[in-house]
Amino acid sequence: QEARPLEGRRVLVTSGPTHEPIDPVRYLANRSSGRQGHAIAEAAARAGAVVTLVSGPVTLPDPAGVAVVRVETAREMLTAVEAALPADIAIFAAAVADWRPESEATTKKIKKDGSGPAPLALAENPDILATIAHRSEGRPGLVVGFAAETDSVIDHARAKIARKGCDLIVANDVSAEGAVMGGADNTVHLIGRDGAVESWPKAAKDEVARRLVARFGEMVAGS
Ligand code: C5P
């Protein structure tokens, strides 16, 4: 019999990259596989939670026992997240593109016309985590952000937790040496609002997900 510390809790998870269209055949994206976010959604469901997973484009199967909403862009992800609330716990594991092409050439492919590359003007995407964490009404009781960094992982995460308004940051090093992006393992550091850091040993993303879910259960216990 598995422990079900999230029995009856509503959990929202974002996962995967976003794709930001340039024209009908091209997009801006990043190397996120969605493995850690999907593993968290599955672990939360096994822990008894009612889970909605809002996922960008990934090649992973839908986790068992989870309602999956598939989106493409950051703006679609924000809309889907708002539609999925309220939730007791919201975990923002998606690698959302910070910028999108300002004007999408929706119907026609951009052509080489001999005058060199077309300029690509960018607009800023909404920050989904900050938007939800700063809500005055309907804010989930526990809001968790992720921080993927290639250097000064903990310093950047401390700055991020204040800026984004979340309760906890799960930080990891995604520099090439760690092979976290797309890989099966992850080494995470938990950073709290008070700046305290807890570094966990490297483990499989499924195992990291189980431990994170157990921790989130402790953090909302009694609320
Ligand atoms: O600022 P940075 O992208 O490093 O922050 C990462 C955290 O913020 C992650 O939890 C990510 O899911 C979230 N985020 C978001 N919307 C964005 C950018 C990041 O929800 N536009």
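For clarity, every value in this text was computed on a predicted model and none was experimentally measured. (Residues numbered from 1 in each chain as written. Predicted model: local features only at pLDDT ≥ 70, side-chain atom pairs only at ≥ 80, totals over all residues. Heavy atoms only, no water.)

A. Representation of the overall build of the chain in the model. The helix and strand inventory of the chain stands at five helices and 14 strands. Its C-alpha radius of gyration of 18 Å places the chain within 12% of the 17 Å reference for a compact globule of 223 residues. In terms of principal-axis extent, the alpha carbons of the chain reach across some 65 × 35 × 35 Å. Counting all 223 residues of the chain, 47% fall into the buried class. Summing over all exposed atoms, the chain offers an accessible surface of approximately 11,400 Å²; the carbon and sulfur share of this is 50%. In the chain, 26 positive and 29 negative side-chain charges are present, and the distance between their average locations comes to 3 Å. (Helix = DSSP H or I, 4+ residues; strand = E, 2+ residues; numbered from the N terminus. Rg over C-alpha atoms; globule rule 2.2 N^0.38 Å. Buried < 20%, exposed > 50% of the residue type's maximum accessible area, 1.4 Å probe, protein only. Areas by Shrake-Rupley, 256 points an atom, 1.4 Å probe, with all protein chains shown as cover. Lys, Arg positive; Asp, Glu negative; His and termini not counted. Charge placed at Lys NZ, Arg CZ, Asp CG, Glu CD.)

B. Structural context of the layout of surface pockets. Counted as a void, the largest pocket has a volume near 980 Å³. Taken together, 39 residues form the lining of the largest pocket, with Ala94, Ala95, Val96, Phe146 and Ala148 sitting closest to its centre. Elements supplying a minimum of two residues to the lining of the largest pocket: strand S1 (10–15), helix H1 (35–46), helix H3 (128–133), strand S9 (142–149) and helix H4 (153–164). Its residues assigned to classes, the lining of the largest pocket shows 18 nonpolar, 13 polar and eight charged. Lining the second largest pocket are 22 residues; nearest its centre among them are Ala39, Glu42, Ala43, Asp206 and Arg210. Mapped onto the lining of the second largest pocket, the elements with two or more residues apiece are H1 and helix H5 (205–220). (1 Å grid on protein atoms, 1.4 Å probe; cavity = no way out; pocket = protein on both sides within 12 Å on 5 of 7 lines; lining within 4 Å. Points joined across faces, edges and corners; volume = space filled by probe spheres on them. Nonpolar A, V, L, I, M, F, W, Y, C, P; charged D, E, K, R; others polar.)

C. Summary view of the site of the ligand. Within the structure, the ligand sits among Phe92, Ala94, Val96, Asp98, Pro126, Asp127, Ile128, Leu129, Gly145, Phe146, Lys160 and Lys164. Alanine 94 places a polar main-chain atom, nitrogen or oxygen, 2.6 Å from an oxygen atom of the ligand. At 3.0 Å from a nitrogen atom of the ligand is found a main-chain nitrogen or oxygen belonging to isoleucine 128. About the coverage of the ligand: the protein hides 86% of its 440 Å² of free accessible area. The cavity that encloses the ligand is the largest pocket. Within the residue set of the shell around the ligand, elements represented by two or more residues are H3, S9 and H4. A breakdown of the residues in the shell around the ligand according to their chemical character gives seven nonpolar, one polar and four charged. (Near = heavy atom within 4 Å. Polar contact = N/O pair within 3.5 Å; in protein donor to acceptor, adjacent residues only side chain to side chain. Sits in = over half its atoms within 2 Å of the grid points.)

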